[in-house]
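# Report on the structure
Each chain, written out:
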Amino acid sequence: VFVVKSELKLGAKMQIAGLKYRTVWWQDDAINIIDQTSLPFSFEILQLTTIEQVAQAIVQMQVRGAPAIGATGGFGLALAARLAPAKNFTKFIKKSKKTLLATRPTAFDLIYALDIVEQAILHSPADPAAAALQSAQAFADSNVQACRQIGKLGAEIIQPNFRILTHCNAGALATVDFGTALAPIRFSKHKNIFVYVDETRPRLQGSRLTAYELEQEGIPHAIIADNAAGYFMQTGQIDMVITGADRVALNGDAANKIGTYEKAVVAKENNIPFYIAAPLSTIDFNCASGKKIPIEQRAEEEVSYIEDKLIANPNSPIQNPAFDVTLARYITGIITEKGIFTPEQIERLQK
Ligand code: MRU
């Protein structure tokens, strides 16, 4: 993997919302991504030029967040269409799709983007590589538009002075730009809002990435320990919860970063509205309920180590599910680019 830039020092200004950078983009015959494992300590752009590099970047979470994974996968299949040898073209495409699909099983945007790029390849025998790239680019562009719209619609339910809790990172870094849960927050930054940021063990997407994005935007916030959210809700310090989603089922159940479910339950107990923000590409219309959503299990070392330091009893087994399912009954509304829906209304959005 070729690192092209390491240009920003800690605390420097990085504009990611609609301006200088997208999270993933096609340039110089390569997939360019912001390396999210380096943030917030250094800003690096990686250029991916093989399918193995793309798959590794997703598995290692150098690029992460459902729509960002989807866009990277889409560009990955477009890359495969350029790299495929003429005499083994179809086999190479199939193998590449399988490799990319296997990287992370929960995010539905990955399946969605790979399917549309594969269809573009199949329907354009004259120039499949050009069609694939056009399709991958269209997915990325549509995600930017969807997130912008989610921001505008979601901002309508954020009142002045609201104190909002969010979990994981559902910001510009998790999408192609703007974010899902952070988009309505971005569009409300003039309303004197305050954001509580769950640190989000074990990968710390909240304390590293969400806090970084909020600082870049100048939005007042505080990082809290994962197990502190209940305290802040019970003591009346939170008006609303907004998170993203990796996959929404037909019945309105939503899979998101591990820990989201318990935040939703505690929110309901305290009469605090709990919203999911997600583009329509995150809805799996073939998935009847959250019970059918595959939950990624990740390496033990993500829990037992922080950086290179062992922080757990060395011989104890560890379990590390990366996502949980928030049941529809805990979700007040799902903010999409087409409107804010109750979980019960999701089924009716089916094409
Ligand atoms: O494991 P991650 O960091 O990819 O998980 C990300 C999340 O859970 C996000 O909340 C979700 O993908 C929505 S992103 C707009």
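Preceding block: the structure.
I will try to describe carefully the structure that is included in this document. No experiment lies behind these values; they were computed from the predicted model shown.

Let's shift gears to the site of the ligand. For the ligand, the set of nearby residues contains 19 residues, the closest of which are Arg64, Arg104, Gln205, Asn256 and Lys257. Contacts to the ligand include Lys257, whose side-chain N or O atom sits 2.7 Å from an oxygen atom. Notes on the ligand: free accessible area 420 Å², of which the protein chains cover 100%. Looking at the shell around the ligand, its residues break down into 8 nonpolar, 7 polar and 4 charged.

Spatially, 3 strands are ordered β9-β10-β14 in an open sheet, and the strand pairing comes out antiparallel. A single partner strand is all that each edge strand has here, and the edge strands are β9 (247–248) and β14 (323–326). Here strand β10 (residues 254–257) pairs with β14 via 4 bridges, running antiparallel. Within β14, the residue paired with Lys257 across the bridge is Phe323.

Taken together, the 7 strands give an open sheet; going across it, the order is β7-β6-β5-β8-β11-β15-β16, and neighbouring strands pair in mixed fashion. Only two strands of the sheet have a single neighbouring strand rather than two, namely β7 (221–224) and β16 (339–341). Each neighbouring strand pair of the sheet contributes to a mean axis angle of 25°, computed without reference to strand direction. When strand β11 (residues 274–277) meets strand β15 (residues 333–336), the two strands line up parallel, connected through 3 bridges. Looking at β15, one finds that Tyr275 is bridged to Gly333. Together, β5 (163–166), β6 (194–198) and β7 form the strand contacts of helix α7 (residues 205–217), whose direction differs from that of β6 by roughly 160°.

Counted under the stated rule, the structure contains 9 aromatic pairs. Between Tyr21 and Phe43, the aromatic rings sit 4.8 Å apart at their centres with planes inclined by 55°, giving tilted as the arrangement. One end of the pair, Tyr21, is in the loop between β1 (2–8) and β2 (24–27); the other, Phe43, is in strand β4 (residues 43–48), with 22 residues separating them in the sequence. Under the relative-accessibility criterion, Tyr21 is labelled buried at 6%. Taking the centre distance of 6.0 Å and the plane angle of 50° together, the rings of Tyr112 and Phe139 count as tilted. Remark: Phe139 occurs in helix α5 (residues 128–155) and Tyr112 occurs in helix α4 (residues 108–122); sequence separation between them is 27 residues. We classify Phe139 as buried; its relative accessible area is 3%.

Quick notes on the rules
Residues numbered from 1 in each chain as written. Predicted model: local features only at pLDDT ≥ 70, side-chain atom pairs only at ≥ 80, totals over all residues. Heavy atoms only, no water. Near = heavy atom within 4 Å. Polar contact = N/O pair within 3.5 Å; in protein donor to acceptor, adjacent residues only side chain to side chain. Areas by Shrake-Rupley, 256 points an atom, 1.4 Å probe, with all protein chains shown as cover. Nonpolar A, V, L, I, M, F, W, Y, C, P; charged D, E, K, R; others polar. Pairing = 2+ DSSP bridges. Helix = DSSP H or I, 4+ residues; strand = E, 2+ residues; numbered from the N terminus. Axes fitted to C-alpha atoms, helices over the stretch in contact; angles between N-to-C directions. Contact = heavy atoms within 4.5 Å. Phe/Tyr/Trp six-rings, centres within 6.5 Å; stacked < 30°, edge-to-face > 60°. Buried < 20%, exposed > 50% of the residue type's maximum accessible area, 1.4 Å probe, protein only.

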